[in-house]
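Architecture and fold: a report
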Amino acid sequence: MTERDSAPAGDGGSGSGTAPLVAVLTGAGISTDSGIPDYRGPQGVWRRNPEAEKLVTYANYMADPDIRRRSWALRGESPVWRARPNAAHEAIARLEASGTPVRVITQNVDGLHQAAGVPERKVLELHGNARSVVCTACGAGSTMESALARVEAGEADPACAECGGILKSATVMFGQALDSEVLGSAMAVARACDVFLAVGTSLQVQPAASLAGLAAEHGARLVVVNAEPTPYDALADEVVRDPISASLPALLAALHS
C-alpha cells in the first residue's frame, strides 16, 4: 500500500512513498495500564460514580460554584500526574520513529502519547489536554500546574488572573463542541489512511467514533483493539480482545516488518 495523495501534508514519514499511512484512534483503554481508569468499562468512572459526570458537564460547571470547587479538588488528585506511558504508547512512538507515517487521534487528555515520544504535531487531541487551563470569558491560557498551586494555597475556585472569569481545564466537557479544526484534521486523516486502528475505545462517543466508519468507507483496513464489543466490530477487518499493552506492540511490529 502507498501513502495516499490526499493524506495531510507534513507527516514526516520516511519519504520513500512506500509505507502505509497508519492512523491510531485511542481511547481511555490504552491508558488503564498507566494507572488512569477508563470511563465506560465494567469498572469505569461513570459506572462506579455517576455523580462524577456532573463535574465535567459544562452547564453544571459554569452555573454552580460548588461543582467547580469539587472539580478543582478532583483535578489535584488526578492519576494523570503520576501516570507514565505504558508499552502500548511506546509501541506507537516506535512505529512513528521507524519512518512509517503515523497520526494519532486521541480521545484522551493525559498527554501520554507525547510523553512516549510521538511528536506534538502528529497528535490530534479531540478532547483537549488536562495539563492546561483556559478562561471561559477571555480565553487566556495557563498551565494546570500553576492553577493547582493556587488551589493548594487556598483558592478553592481560582479565577482568571487576566479578567476574573471562570477557569476550566483545557478539555472538552460534556455539552461543549469539539474544536472544529482538530475534528476536521482527524476526518482528513481518517479519509486518507491505509490502516486505521481503534485502540481502547468503546466507539460509542460521537463524532469521534464515526472516524472508524469513515476510514473503512474510504478503503482503510480497520482494526479494533478493545476488551469489550464496539458498534464498529462488524466493519472491522480484525478485532482483538487481548490486553492492549501486550497485543498492540505485536500488531504494530507486524506493520513495520
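Let me begin by describing the structure that accompanies this report. Computed from a predicted model, the values in this text were never measured in an experiment. (Residues numbered from 1 in each chain as written. Predicted model: local features only at pLDDT ≥ 70, side-chain atom pairs only at ≥ 80, totals over all residues. Heavy atoms only, no water.)

Examining the sheet that holds strand β6 (residues 167–171)
Put simply, the rule is: Any two strands with at least two DSSP bridges between them are considered paired. Numbering of helices and strands runs from the N terminus, with a helix taken as a DSSP run of H or I at least four residues long and a strand as a DSSP run of E at least two residues long. To define axes, lines are fitted to C-alpha atoms, for helices over the stretch in contact only, and angles between the resulting N-to-C directions are given on a 0 to 180 degree scale. Contacts are residue-level and defined by heavy atoms, with any inter-residue pair within 4.5 Å sufficient.
Strand order in this open sheet of three strands is β5-β4-β6, and the pairing throughout is antiparallel. Two strands close off the open sheet at either side, each with one partner strand: β5 (141–143) and β6. Averaged over all pairs of adjacent strands, the angle between their axes in this sheet comes to 40°, without regard to strand direction. The pairing of strand β4 (residues 128–135) with β5 spans three bridges and is antiparallel. Bridging across to β5, V134 finds its partner in G141. Taken strand by strand, helix α6 (residues 144–152) contacts β4, β5 and β6, and its axis lies near 75° from that of β5.

As for the packing of helix α7 (residues 180–192) against helix α8 (residues 210–217)
Heads up, the rule is: Each residue is assigned to one class: nonpolar for Ala, Val, Leu, Ile, Met, Phe, Trp, Tyr, Cys and Pro, charged for Asp, Glu, Lys and Arg, and polar for all the others, Gly among them.
It is the contact of α7 with α8, at a shortest axis distance of 7 Å, that shows an interaxial angle of 35°. Between α7 and α8, the residues in contact are A186, M187, A190 and R191 and L211, L214 and A215, respectively. A class-by-class count of the residues in the contact of α7 with α8 yields six nonpolar, no polar and one charged.

Structural notes on the sheet that holds strand β2 (residues 102–106)
The six strands lie next to each other as β3-β2-β1-β7-β8-β9, forming an open sheet whose pairing is parallel. Each edge of the open sheet is held by one strand with a lone partner, namely β3 (123–125) and β9 (238–240). Pairs of neighbouring strands in the sheet enclose a mean axial angle of 15°, with direction left out of account. Its contacts with the sheet put helix α4 (residues 87–97) on β1 (22–26) and β2, and the angle it makes with β2 is roughly 150°. Strands β2, β7 (195–199) and β8 (221–225) of the sheet are contacted by α8, whose axis makes an angle of about 160° with β7.

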